[in-house]
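Chain by chain, the residues:
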Amino acid sequence: MASYLSDGKKLLNVEYDVIPKLNDTVDGMMVISTDARAVDEYAVFLQNLDRTVCCYVFDEIYIVGKVDRFENLVKAVEAWNNNEI
């Protein structure tokens, strides 16, 4: 289990090939799912303390998209699959 911090634009103090995995934490939120759409673009779904779900979209270590406050993981994954994120 690894812990990562970001500055809102990229992961800090990591190599370029690092991908957060299940049960890691990013900005204090636990990773509950991941998915890849392209070779370098992937989504990390995180659970907030209030039990809502947040999604960070990464291109390597750079955060290229972020959406907060999905009611649950299913709604977050649906938005990702429908290219809404």
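Just so it is clear, the model here is predicted, and its values are computed rather than measured. Each chain has its residues counted from 1, following the order in which its sequence is written. The predicted nature of this model means local features are confined to residues of pLDDT at least 70 and side-chain atom pairs, given and counted, to a pLDDT of 80 or more, with totals for whole chains, interfaces and linings taken over all residues. As a convention, hydrogens and water are excluded, and side-chain values are obtained from all of the structure's heavy atoms.

**What about the pairing of strand β6 (residues 62-70)?**
Here is the rule we go by: At least two DSSP bridges between two strands are needed for those strands to be called paired. Elements are defined by DSSP. Helices are runs of H or I of four residues or more, strands are runs of E of two residues or more, and each kind is numbered from the N terminus.
Sheet topology places strand β5 (residues 53-59) next to β6; six bridges connect them, and they run antiparallel. The residue of β6 that forms the bridge with Asp59 is Tyr62. Between β5 and β6, which follow one another and run antiparallel, lie two residues, and Glu60 among them has a positive phi close to 60°.

**Considerations on the nonpolar core**
Short version of the rule: What is meant by a nonpolar core is a set of buried Ala, Val, Leu, Ile, Met, Phe, Trp, Tyr and Cys residues, joined one to another through side-chain atoms within 4.5 Å. When accessible area is computed with a 1.4 Å probe and restricted to protein chains, residues below 20% of their type maximum are described as buried, those above 50% as exposed, and intermediate ones as partly exposed. The criterion used for residue contact is that any of the two residues' heavy atoms lie within 4.5 Å.
Counting residues in each nonpolar core, the largest one holds 14 residues, and the members touching the most others are Leu11, Val26, Val44, Leu46, Tyr56 and Phe58. Excluding its chain neighbours within four sequence positions, the residues that come into contact with Val26 are Tyr4, Leu11, Pro20, Val31, Leu46 and Tyr56. Residues Ala43, Ala76, Ala79 and Trp80 belong to the second largest nonpolar core, which totals nine residues.

**Remarks on unusual backbone geometry**
The backbone of Glu60 sits at a positive phi, close to 60°, despite the residue not being glycine. Locating Glu60 in the fold gives a position in the loop between β5 and β6. Here the phi dihedral of Arg69 falls at roughly 70°; this positive angle occurs in a residue that is not glycine. Within the fold, Arg69 resides in strand β6. Under the relative-accessibility criterion, Arg69 is labelled exposed at 54%.

**Re the pairing of β5**
Counting buried positions along β5 yields six of seven residues, so the element is predominantly enclosed. By the bridge criterion, seven bridges tie strand β4 (residues 41-47) to β5 in an arrangement that is antiparallel. Within β5, the position partnered with Glu41 by the bridge is Asp59. Connecting β4 to the antiparallel partner β5 that follows it, the hairpin turn spans five residues, and Arg51 within it adopts a positive phi of roughly 75°.

**So, the packing of aromatic side chains**
Definition in use: What counts as a ring pair is set by centres within 6.5 Å for rings of Phe, Tyr and Trp (its six-membered ring), and what kind of pair is set by the plane angle: stacked under 30 degrees, edge-to-face over 60, tilted for all other angles.
Enumeration according to the criterion identifies three aromatic pairs in this entry. The interplanar angle of 40° and the centroid separation of 6.3 Å between the aromatic rings of Tyr16 and Tyr62 together place this pair among those described as tilted. Residue Tyr16 is located in the loop between β1 (3-4) and β2 (25-26), and its partner Tyr62 is located in strand β6; the two are separated by 46 residues in the primary sequence. On the basis of relative accessibility, which here comes to 34%, the residue Tyr62 falls in the partly exposed class. Here a set of aromatic residues connected by ring pairs shows up, and it is made of Tyr42, Tyr56 and Phe58.

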